[in-house]
Amino acid sequence: MAPKISMNVTTTFHGNVVTDIKHAKAAAYTGIELQSPKLYRYLAAGYAVETLPEMLEGLTVTGLGAVLDIERQGAARRDFLAEVRRLCEVAVVVGAPLVQLCTGPVDWNVVRDFRAGRLEADDPRYCATLGLDEAEALRVTASNVRDAADIAAEHGLDVYLEPLAWARLNRCRHALQLIEQAGRDNVGIALDTWHFWTTGDTLDEVRALPKELIKAVHLSDGLELDRATEVPDQSRHRNVVIGGGSIPLQQWVDAIKSTGYDGWWVSEMFSTRADEQDPLAVATAMRTLLATLVG
């Protein structure tokens, strides 16, 4: 059975919804993972979401991302839940089974300033759960995940968590704790090799994951960093073509496969060099690489 390979639209970074779909088809992907920045841009330009299914014919929309900064409180919490509902409504139209949720803050510079003691109390930037102890950070985040999962369930969907490597809640164990505390059976994990490897999560932790919790695998590469002193910076530590970095991707693939996982493998890349090449050539090369890794 051929592996199920999906193209996250970061692979064709400077494209739009129309060209991303076109390139995914031409590069022989069978799936595509659509992302909210481009989707929101398409919809804001006045195109109805109902224009997408015909365009997507022949591709499975494997997931929809991402709702960011999922710990939001107060009025911002209402905005978070409204965004979850909006993305769920889009997911239903395009046939996506999953909506992605990412821990925050999405701005790693805020984390860097916090760790360096430069973050003032009146700093207007979003601080997520920085400054909270781990138990409280998990509690407030799990409450939001629970409500997001309930909205998704109303639409017949699942949500999948991606703890960002620089965030307050950034580890595999944090994702598992959030799932447990949320107490909903439609919550799982987006297993992103860069985020896991960058934070120091191990292959043994991956092998121990229940396969039903892994909703998608993002295959992404990264560069070495000093985990004890550096805040992961996606613009630096992830700025590499998949297969050209420091992550032993075959080992990660093998560990994931050992769980019995048989879902979608998704190319996700943030390489400024690749972004300046022919997007179809990049998409094709990444699909070929994933097919080789996954076997």
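Residues numbered from 1 in each chain as written. Predicted model: local features only at pLDDT ≥ 70, side-chain atom pairs only at ≥ 80, totals over all residues. Heavy atoms only, no water.

Visitor: Help me understand the pattern of salt bridges in this model?
Guide: It is possible for side chains of opposite charge to pair when their charged atoms get near one another. All chains considered together, the criterion is met by 17 salt bridges. Between Arg72 and Glu83 there is a salt bridge, with its nearest N and O atoms 3.3 Å apart. Of this pair, Arg72 sits in the loop between β3 (60-67) and α4 (75-94) while Glu83 sits in helix α4, and the two are eleven residues apart along the sequence. The buried category is assigned to Arg72, whose relative accessible area is 13%. Arg85 serves as the salt-bridge partner of Glu154, at 3.2 Å between the closest nitrogen and oxygen. Of this pair, Glu154 sits in helix α6 (residues 134-154) while Arg85 sits in helix α4; the two residues are 69 residues apart in sequence, bridging distant segments of the chain. Accessibility expressed as a relative area gives 55% for Glu154, which makes it exposed. In this structure, a network of salt bridges that share partners links the residues Asp113, Arg118, Asp123 and Arg125. (Salt bridge = Lys/Arg side-chain N within 4 Å of Asp/Glu carboxyl O. Helix = DSSP H or I, 4+ residues; strand = E, 2+ residues; numbered from the N terminus. Buried < 20%, exposed > 50% of the residue type's maximum accessible area, 1.4 Å probe, protein only.)

Visitor: In this structure, what is going on with the pairing of strand β5 (residues 158-162)? I would like to understand it.
Guide: A regular strand carries its side chains on alternate faces of the sheet. Extensive coverage of β5 is indicated by the burial of four of its five residues. Sheet topology note: the strand β4 (residues 98-102)/β5 ladder contains five bridges and is parallel. From the neighbouring strand, Leu101 faces β5, where its bridge partner is Leu161. Across three bridges, β5 lies against strand β6 (residues 187-192) in parallel orientation. In the strand pairing of β6, Val159 is matched with Val187. (Pairing = 2+ DSSP bridges.)

Visitor: Help me out: how do you make sense of the sheet that holds strand β8 (residues 264-267) in this one?
Guide: Strand pairing in a sheet relies on backbone hydrogen bonds, with the paired strands running either antiparallel or parallel. Spatially, eight strands are ordered β1-β2-β3-β4-β5-β6-β7-β8 in a closed barrel, and the strand pairing comes out parallel. For this sheet the average axis-to-axis angle between neighbouring strands, irrespective of direction, equals 30°. Two strands pair when backbone bridges link them, and strand β1 (residues 4-8) and strand β2 (residues 31-35) are joined in this way by three bridges, in the parallel orientation. Its bridge partner lying in β2, Asn8 is registered against Glu33. Against the sheet, helix α7 (residues 172-182) touches β5 and β6, its axis set at about 170° to β6. (Axes fitted to C-alpha atoms, helices over the stretch in contact; angles between N-to-C directions. Contact = heavy atoms within 4.5 Å.)

Visitor: Would you take a moment to explain the side chain of Thr10 for this structure?
Guide: With respect to the secondary-structure elements, Thr10 resides in the loop between β1 and α1 (17-26). Judged by relative accessible area, Thr10 falls into the buried class, the value being 9%. Among the polar contacts listed, one links the side chain of Thr10 to the backbone nitrogen of Met269, at a separation of 3.1 Å. When sequence neighbours within four positions are dropped, the list of residues in contact with Thr10 reads Ser267, Glu268, Met269 and Phe270. (Polar contact = N/O pair within 3.5 Å; in protein donor to acceptor, adjacent residues only side chain to side chain.)

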